[in-house]
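An overview of the molecular structure
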Amino acid sequence: MTHPHAAEALQATAIAGIAVILIAGTALAHAARRIRQPAVIGEITAGILLGPSLLGLLPGNPTDRLFPDEVRPLLSMVAQIGLLLFMFTVGWELDWTTMRRRKSSVAGVTAGSILAPMLLGLGVAALIYHNHSHVNGEKVPFSSFALYLGVSMSITAFPVLARILKDNNLSRTKIGALALTSAAFGDVLAWCLLAGVVAIVTASGPSGFTDTLWMSAGYGVVMIAVVRPLLARAVAWMSRRGTGLYLATLVTAGVLLSAYTTSKIGIHPIFGAFAFGLVMPRRPTALLEEKMLRPIQHAGELMLPVYFIVTGLSVDVAGMSLTAWGELGLILAAAILGKLFGAGLPAKSFGLTWRESTGVGVLMNTRGLTELIILGVGLSLGVLDQTLFTEMVLMALITTAMTGPLLPFVLPRSRMDLIASPAKTSPLVRIPGPADEQASDLAG
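Labelled according to an unreviewed UniProt entry, the protein chain appears under the name Cation/H+ exchanger transmembrane domain-containing protein, originating from Streptomyces siamensis. Annotation of the protein chain in UniProt includes, under Subcellular location (unreviewed entry), the sentence "Membrane".

Considerations on the overall build of the protein chain
Tallying secondary structure elements over the protein chain gives 20 helices and two strands in all. Looking at the protein chain as a whole, 52% of its 444 residues qualify as buried. Considering only contacts in the protein chain between residues 6 or more positions apart, those separated by 24 or more positions represent 83%. For the protein chain, the computed accessible surface area is about 19,000 Å², with 66% contributed by carbon and sulfur atoms.

Remarks on helix H15 (residues 354-364)
Most of H15 is tucked away: eight of the eleven residues are buried. When we look at burial in H15, the residues that qualify are Glu-356, Ser-357, Gly-359, Val-360, Gly-361, Val-362, Leu-363 and Met-364.

Focus: the pattern of salt bridges
Scanning all chains against the criterion turns up three salt bridges. With its nearest N and O atoms 3.5 Å apart, the salt bridge here joins Arg-72 to Asp-64. By relative accessible area, Arg-72 is classed as partly exposed at 22%. On the basis of relative accessibility, which here comes to 39%, the residue Asp-64 falls in the partly exposed class. The partner of Glu-290 in a salt bridge is Lys-291, and the shortest N-O contact between them spans 4.0 Å.

Describing the nonpolar core
Counting 129 residues, the largest nonpolar core has Met-280 and Met-292 as its most contacted members. A total of 15 residues in this core trace back to one element, the largest contributor, which is helix H9 (residues 174-202). If near-sequence neighbours (up to four positions away) are discounted, Met-292 is found in contact with Phe-88, Trp-92, Leu-247, Ala-248, Val-251, Met-280 and Leu-287.

A closer look at the side chain of Arg-367
With respect to the helices and strands, Arg-367 occurs in the loop between H15 and helix H16 (368-381). Here Arg-367 sits buried without a salt bridge, and the closest side chain of opposite charge, Glu-371, lies 4.3 Å off (N-O distance). Within the local environment of Arg-367, its side chain forms a polar contact with the backbone oxygen of Ala-335, the two atoms lying 3.2 Å apart. Looking at Arg-367, its side chain comes within polar contact range of the side chain of Asn-365, at 2.7 Å.

Remarks on unusual backbone geometry
The omega angle of the peptide bond from Arg-283 to Pro-284 is -5°, so this bond is cis rather than trans. One can find Pro-284 in the loop between helix H12 (269-279) and helix H13 (285-312). Backbone geometry places Asn-61, a non-glycine residue, at a positive phi of 50°. Along the chain, Asn-61 turns up in the loop between helix H2 (39-50) and helix H3 (62-66). Classification of Asn-61 as partly exposed rests on a relative accessible area of 25%. Even without a glycine there, the phi angle at Asn-136 is positive, about 55°. Looking at where Asn-136 falls in the secondary structure, it is placed in the loop between strand E1 (134-135) and strand E2 (138-139). Judged by relative accessible area, Asn-136 falls into the exposed class, the value being 75%.

Topic: the environment of Asn-365
Residue position: Asn-365 is located in the loop between H15 and H16. Here the alpha-carbon distance between Asn-365 and Ala-183, two residues 182 residues apart in the chain, equals 9.9 Å. Ignoring sequence-local partners within four residues, the contact set of Asn-365 consists of Ala-335, Ile-336, Lys-339, Thr-399, Met-402 and Thr-403.

Thresholds, definitions, all that
- Residue positions are given per chain, counting from 1 as you read along its sequence in written order.
- Local features in a predicted model are, by the rule used here, given only for residues with pLDDT of at least 70; side-chain atom pairs are given and counted only at 80 or more, and totals for whole chains, interfaces and linings are based on all residues.
- Side-chain descriptors were evaluated using all non-hydrogen atoms of the structure, hydrogens and water having been removed beforehand.
- UniProt positions are given in the numbering used here, feature names are shortened, and annotations may be inferred rather than shown by experiment.
- To qualify as a helix, a DSSP run of H or I must reach at least 4 residues; to qualify as a strand, a run of E must reach at least 2; elements of each kind are numbered from the N terminus.
- Exposure is judged per residue with a 1.4 Å probe applied to protein chains only, and the accessible area is read against the type maximum: over 50% gives exposed, under 20% gives buried, and values in between give partly exposed.
- A contact between two residues is defined here by any heavy atoms of the two lying within 4.5 Å.
- Where accessible areas are quoted, they stem from the Shrake-Rupley method and a 1.4 Å probe; at the residue level, only the protein chains shown are allowed to cover.
- Put simply, a salt bridge is a Lys or Arg side-chain nitrogen that is within 4 Å of an Asp or Glu carboxyl oxygen.
- The nonpolar core is taken to be a set of buried Ala, Val, Leu, Ile, Met, Phe, Trp, Tyr and Cys residues, with the residues joined through side-chain atoms within 4.5 Å.
- Lys and Arg are tallied as positive, Asp and Glu as negative. Neither His nor the chain termini are counted.
- Contacts described as polar in this section are N or O atom pairs within 3.5 Å, which, within protein, must combine one atom able to donate a hydrogen with one able to accept it, while residues neighboring in sequence count only if both atoms come from side chains.

Right, dumping it as structure tokens:
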């Protein structure tokens, strides 16, 4: 039993740690913006710097003083709630109506941008498996290891990409619309693939995996056939009465219950939050943005930076060996080439020039927070060890950071202006407005 004074001391330490997190995350996010990088770059960097990679190397190990082992579960809980709220907004902001209009024109880019890096990821997994076959004394099956690495390589961060396109005035161009719509489709497909991999990893044998699949299918049916109509009726009732006072509170409760359900099924809670966002009504837009989206985004904006620090505590750049740096080079080559060729070649077949199709590949190489979420799941499941986790986080950081600086070279400003005219090219996905800008700020 924990002594009351000891519990109070732990809570005080956690409060101080969160304060440091918010200050460091805000400062480095602002610095990232100043050099035309997504805010997520600064926030990830803040997490790494506050961990064993830098702060932990100083005399007295300030990392352990700020974030002792006893406090980390408290921080993880805050981070998890922030993450679930973020995943809900990602699901809600996917605009299925506009995505369906030209789904055939982006199918090739979507498939190529996932399959090519995934296949290269499987190849990398075969080369490095012997160095990471055991995690915490337990042997990791090669199939689980390879599948997880392959899925991790295939990610494109839809929210971060939306922000990069907006910052570079590419949202309404042919290239921007193609990349953003492909990333949106790819996000949904990648989450489905990840759910399958997680089910395989956590299932206790073939029968356990079959049970997970059946329960997941039942959960999907209930969400579509029961929860979605109920949510639509509730929102319509609030709209008629002109009230939405408790809408954000009730939706947050629904997000958490949905996340709890998927966790009990045997897949990660993030899938429940994402699914709840998918079935949440989009109309009336004004009411939902004001009474639901903005409060949830503001809450997530406060809690999500904690996720970066919790992630950073598991990243140890200083402890990487020469072999680990060599593996990072291999991982980077597979991740970058997979996106460039996997997305670029299909884009070329749609009539784009080589330079424009290369631009699509560069845009699809953005990974950001989405990659961190997937890597965090792999670490918690014991599929990735600390060293490989560090390598993959660095890969996510580098591939996201390189997108903005590369765009002027593959798509010079004069070419960007000539690619498409907003009057002639309708966007394939909803162009971010003020509410969307706040959401993309959380991720990029």
